[in-house]
Amino acid sequence: MAAGGVFAPQQDNLPVPPPKDAIVLFDGKATNLMLSKEGESVDWPIEDGVLVSTRGQTRSNHIVSKLHFRDADIHAEFMLPEKGAGNSGVYIHGNYELQIFNSSGKDPTKLNQGDAGAIYGFAKPLAQACRKPGEWQVVDIRYRAPRRDENGAIVEEGSITAYLNGVKVQDDARFGEPRSVYHPYRYKTTPYLTAIWERQKRTGIGPVFLQDHDAPVRFRNVWVQPLDDDAFLYEPAE
């Protein structure tokens, strides 16, 4: 697996080819390692090789990766809809959301934890890097999971460094227990996710989600590059 090294993702030309040691989650062709939150086939439509976020119950119809990992680099390309807030996100381990939102043109001095590139509930973006709706955008995230003791308590905070459209929007931002009441393990969760969360608290290994927040955000070219040897394809126990 990847050793880590300097995190300087290439974001100039889209789509970005996945590295050789990356695990592709969705390529719009033959590969789709995303599931519904019930552990079944996704109910988001695929249009011209692109996943389109689709509302179920309010802000809860997320999709989840069959791939589980601990530390990793995560890549996703997305397009905001022409109308509405364009609210979505990359929910890492189901707990920490790298925010997707139509912040295009916003005054950089007024950015907050709800704007594009924020870690929702923890850190506002360092810069305004969001493009206009209708344009393809790209986010790359280096994620280090929090470390927990045998009782599931966090003993070492996790961290995120992230680039949005070639601009660093998070720089080793730290976080502990999840704060959002809407994250997938708390809000309108399912038995499939509950089992994952219980295992994740013991191991620090879990999936990535693409968030439904009532907006038809489009996704393509989603992949994960694990930074250790802990990644695997999850199969629920019988």
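This text follows the structure it describes.
Conventions adopted
Residues numbered from 1 in each chain as written. Predicted model: local features only at pLDDT ≥ 70, side-chain atom pairs only at ≥ 80, totals over all residues. Heavy atoms only, no water. 1 Å grid on protein atoms, 1.4 Å probe; cavity = no way out; pocket = protein on both sides within 12 Å on 5 of 7 lines; lining within 4 Å. Points joined across faces, edges and corners; volume = space filled by probe spheres on them. Nonpolar A, V, L, I, M, F, W, Y, C, P; charged D, E, K, R; others polar. Salt bridge = Lys/Arg side-chain N within 4 Å of Asp/Glu carboxyl O. Helix = DSSP H or I, 4+ residues; strand = E, 2+ residues; numbered from the N terminus. Buried < 20%, exposed > 50% of the residue type's maximum accessible area, 1.4 Å probe, protein only. Polar contact = N/O pair within 3.5 Å; in protein donor to acceptor, adjacent residues only side chain to side chain. Contact = heavy atoms within 4.5 Å. Pairing = 2+ DSSP bridges.

**A look at empty space enclosed by the protein**
- According to the stated counting rule, one finds 3 cavities of 30 Å³ or more in the structure shown.
- Volume-wise, the largest cavity comes out at about 70 Å³.
- Here the residues of the lining of the largest cavity are counted per class, giving 4 nonpolar, 4 polar and 1 charged.
- The volume enclosed by the second largest cavity comes to roughly 40 Å³.

**Some thoughts on the pattern of salt bridges**
- This model, assessed by the stated rule, comprises 14 salt bridges.
- The closest approach of N and O atoms between E198 and K201, which form a salt bridge, is 3.2 Å. In this pair, E198 and K201 both sit in helix α1 (residues 191-203), 3 residues apart, roughly one turn of the helix.
- Here K201 falls in the partly exposed class, since its relative accessible area comes to 24%.
- The network of salt bridges with shared partners includes R70, D228 and D230.

**Let's talk about the side chain of R220**
- If you trace the backbone, R220 turns up in strand β16 (residues 218-226).
- At a separation of 2.9 Å, a polar atom in the side chain of R220 contacts the side chain of E77.
- Setting aside residues no more than four positions away along its own chain, R220 makes contact with L14, P15, F26, G49, V50, A76, E77 and W136.

**Digging into the pairing of strand β8 (residues 88-92)**
- Taking burial as the measure, the 5 residues of β8 include 5 buried ones, the bulk of the element.
- On β8, burial covers both faces: S88, V90 and I92 on one face and G89 and Y91 on the other are all buried.
- Relative to strand β9 (residues 96-100), β8 runs antiparallel, the two being bridged by 5 bridges. In the sheet register, Y91 faces β9, and the bridge partner there is E97.
- Hairpin connection of β8 to β9: 3 residues between the antiparallel strands, including H93 at a positive phi of 55°.
- Both β8 and strand β15 (residues 208-210) contribute to a ladder of 3 bridges, which runs antiparallel. Across the sheet, the residue bridging to I92 is V208, located in β15.

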